[in-house]
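Here is how the chains run, residue by residue.
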Amino acid sequence: MPDIVFELIKEEEQRQKEKVGLIPSENNISPDVSAVLSSCLSSKYSEGYPGRRYYEGNQIVDKLENLAIDRLKELFQVPHANVQAYSGSPANAAIMFALLEPGETLMGLQLGAGGHLTHGHPKVTFSGKYFKSVQHGLDADDRIDFEEMLALAYEHRPKMIITGTTSYPFILDFARFQEVADAVGAWLVADISHITGLIIGGEHPSPVPYVDVIMSTTHKTFRGPRGAMILATDRGLAKDPQLGSKIDKAIIPGLQGGPHDATTAGIALAAEEATRPEFKTYVRQIRKNADTLAATLMAEGIKLVGNGTENHLMVVDLTPFSEGLGTQAAFAMDIAGIYANRNVIPNEPCSPFYPSGLRLGTPLVTTRGMKEAEMEKVGRWIARVIDIVKGETLPIDKKERGPFIKTFKQKAVTNPELLAISEEVKAMASQFPLFTWGGE
Ligand SMILES: Cc1ncc(COP(=O)(O)O)c(C=O)c1O
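Residues numbered from 1 in each chain as written. Predicted model: local features only at pLDDT ≥ 70, side-chain atom pairs only at ≥ 80, totals over all residues. Heavy atoms only, no water.

(A) Main features of the pattern of salt bridges. By the definition in use, this model includes 17 salt bridges. We note a salt bridge from Arg-53 to Asp-62, for which the minimum N-O separation is 2.7 Å. Arg-53 sits in the buried class, given a relative accessible area of 15%. For the salt bridge of Lys-239 with Asp-212, the shortest nitrogen-to-oxygen distance reads 2.9 Å. Here Lys-239 is found in helix H9 (residues 234-239), whereas its partner Asp-212 is found in the loop between helix H8 (196-200) and strand E9 (213-217), with 27 residues between them in sequence. On the accessibility criterion, Lys-239 (40% relative accessible area) is partly exposed. When salt bridges with common partners are traced through the structure, they connect Asp-182, Asp-212, Arg-235 and Lys-239 into a single cluster. (Salt bridge = Lys/Arg side-chain N within 4 Å of Asp/Glu carboxyl O. Buried < 20%, exposed > 50% of the residue type's maximum accessible area, 1.4 Å probe, protein only. Helix = DSSP H or I, 4+ residues; strand = E, 2+ residues; numbered from the N terminus.)

(B) Fine view of the packing of aromatic side chains. Per the counting criterion, the structure on display carries 10 aromatic pairs. Residues Phe-97 and Phe-126 carry aromatic rings whose centres are separated by 6.4 Å and whose planes lie at 55° to one another, so their mutual orientation is tilted. Of this pair, Phe-97 sits in helix H4 (residues 88-99) while Phe-126 is found in helix H5 (residues 126-129), placing the two residues 29 residues apart along the sequence. Taking the relative accessible area as the measure of exposure, Phe-97 reaches 39% and is therefore partly exposed. Its relative accessible area of 22% is what places Phe-126 among the partly exposed residues. When the centroid spacing of 5.1 Å and the interplanar angle of 80° are considered together, the rings of Phe-353 and Tyr-354 count as edge-to-face. Taking relative accessible area as the criterion, Tyr-354 reaches 12% and is therefore assigned buried. Above the face of the Tyr-339 ring, Arg-15 is positioned so that its terminal group lies 4.5 Å from the ring centre. (Phe/Tyr/Trp six-rings, centres within 6.5 Å; stacked < 30°, edge-to-face > 60°. Lys NZ or Arg CZ within 6 Å of the ring centre and 35° of its normal.)

(C) Here's a closer look at the sheet that holds strand E11 (residues 303-304). Judged by pairing direction, the sheet is antiparallel, and its 4 strands sit side by side in the order E11-E12-E15-E14 without closing on themselves. The two strands at the open ends of the sheet, each matched to only one other strand, are E11 and strand E14 (341-343). Its contacts with the sheet put helix H12 (residues 277-299) on E11, strand E12 (313-317) and strand E15 (357-361), and the angle it makes with E12 is roughly 15°. Sheet contacts for helix H13 (residues 326-335): E14 and E15; angle to E15, the most-contacted strand, approximately 40°. (Pairing = 2+ DSSP bridges. Contact = heavy atoms within 4.5 Å. Axes fitted to C-alpha atoms, helices over the stretch in contact; angles between N-to-C directions.)

(D) How the structure looks around the pairing of strand E7 (residues 160-163). Burial of E7 is two-sided: the residues Met-160 and Ile-162 facing one way and the residues Ile-161 and Thr-163 facing the other way are all buried. As paired strands, strand E5 (residues 105-109) and E7 are joined by 3 bridges and run parallel to one another. Each bridged residue has a counterpart across the sheet, and for Met-107 the counterpart in E7 is Ile-161. As paired elements, E7 and strand E8 (residues 187-191) share 4 bridges and run parallel to each other. Bridge assignment links Ile-162 to a residue of E8, and that residue is Val-189. Assessed by its sense of winding, the connection that carries the chain from E7 through helix H7 (residues 174-184) to E8 is right-handed. (Right-handed = clockwise from strand over helix to strand, strands pointing away.)

(E) Structural context of helix H6 (residues 146-156). Listing the buried residues of H6 in full gives Phe-146, Met-149, Leu-152 and Ala-153. For H6, the angular spread of the buried residues around the axis is 120°, confining them to a single face. Opposite the packed face of H6, turned more than 90 degrees from it, sit the exposed residues Glu-147 and Glu-155. N-cap assignment for H6: the residue whose side-chain oxygen lies 3.2 Å from the backbone N of Glu-147 is Asp-145. The first or second residue beyond H6 is Arg-157, which carries a positive phi of 50°. (Arc of directions from axis to C-beta. Polar contact = N/O pair within 3.5 Å; in protein donor to acceptor, adjacent residues only side chain to side chain.)

(F) Local environment of the site of the ligand. Neighbouring residues of the ligand: Ser-87, Gly-88, Ser-89, His-116, Thr-165, Thr-166, Asp-191, Ser-193, His-194, Thr-217, His-219 and Lys-220. Side-chain polar atom of His-194 to an oxygen atom of the ligand: 3.3 Å apart, as the coordinates give it. Its free accessible area being 380 Å², the ligand has 84% of it covered by the protein chains. Along the lines of polarity and charge, the residues of the shell around the ligand split into no nonpolar, 10 polar and 2 charged. (Near = heavy atom within 4 Å. Areas by Shrake-Rupley, 256 points an atom, 1.4 Å probe, with all protein chains shown as cover. Nonpolar A, V, L, I, M, F, W, Y, C, P; charged D, E, K, R; others polar.)

(G) Spatial organisation of helix H11 (residues 261-273). Between its terminal C-alpha atoms H11 stretches 18 Å, which fits the 18 Å expected from 13 residues at 1.5 Å a residue. Most of H11 is tucked away: 11 of the 13 residues are buried. Every buried residue belonging to H11 is among Asp-261, Ala-262, Thr-263, Thr-264, Ala-265, Gly-266, Ile-267, Ala-268, Ala-270, Ala-271 and Glu-273, and all of these are buried. On its buried side, H11 packs onto helix H2 (31-37), helix H3 (59-76), strand E10 (228-232) and H12. (Expected span 1.5 Å × (residues − 1).)

Structure follows, in structure tokens:
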């Protein structure tokens, strides 16, 4: 009798097959990367770096870690790579600990403007608590306001500027970030977690010539295991030849113990997979799917921040229906078989917990092989769901919000219209495997 854990994994696999996943940070790994992750490598301990370990028996692990490092250096044309960070947040912490002293000034994009928590979000994150954080925002077109950024940089003189986004639908202009950083002599770090695959596939400009350090998670558009890479560029090493070793030391002994060797090997494999022609085809299809989904939603009368997308994601602005509708819409979409996440919109009028938007992305559905025809269907299903929930206005009285959402959810799980859509979604989604190489 298999343990309940295996039964629950089977259930989760079924859920993933029958539903359409639009969370932009999620992706499915290849069967080969999956095999690496469940290999004997997950049992090894290897504190230290290749050739300098605190534990014996790392002859093979050293070769694998060097392979991962060499492949990333080649792929991005950079002189230094670290693959040991457990994930994106500790990787950003390590970069900050390497280059800043506690209390020094850090600048990043506001969360509500599409930035990430680890980019200096105040009060609740390490990046906002242990450093002095200056947050910049967007202009009237919902794009990064470089004039405001430059003025803030002159005023606060940050020692580090971290660029990078989690819910920003436009191309990032790294040359302009460089101008701001150089104007005040700041370190410039690009967190490309969301767009790494797009950069490798040529669908987004590379930050390499403009920045000192690059961080990327390895599990989003890079399509590898859950982990992170930290790269130091020629520009960064020219400023400080010790940059690479400062980053390595910030990871261990600074922040972590033993690296996850199976993840390291998975990153080495994903780096090879990303060089294949199929990866380029895959990334091109992510963009085509995002454009099609955006166009379908807008044709259905749904407002998107920035009126579309230039990358793999879009942010739906639900305020023309009602403020604070994101929770209801995301929950109802999940009942209808399409899962995404509620999200704040620029100048959010409600609250981060009850935001007014949705974030939708195409990396995962593209990995499954869905194309423009499926994106049109998905866009129309989302429009039907929004039509069903658009009158479910969040109470103005904050005390009434929790009970309102609870009652809304109880009703939504048995809503016949949502359940009818879920049957249509299931019939379509079940036809697609969880992984295809080129999105075909
Ligand atoms: C831009 C960006 N940086 C960092 C992270 C943090 O990565 P992790 O969830 O692996 O800690 C994320 C995660 O979504 C992200 O989008």
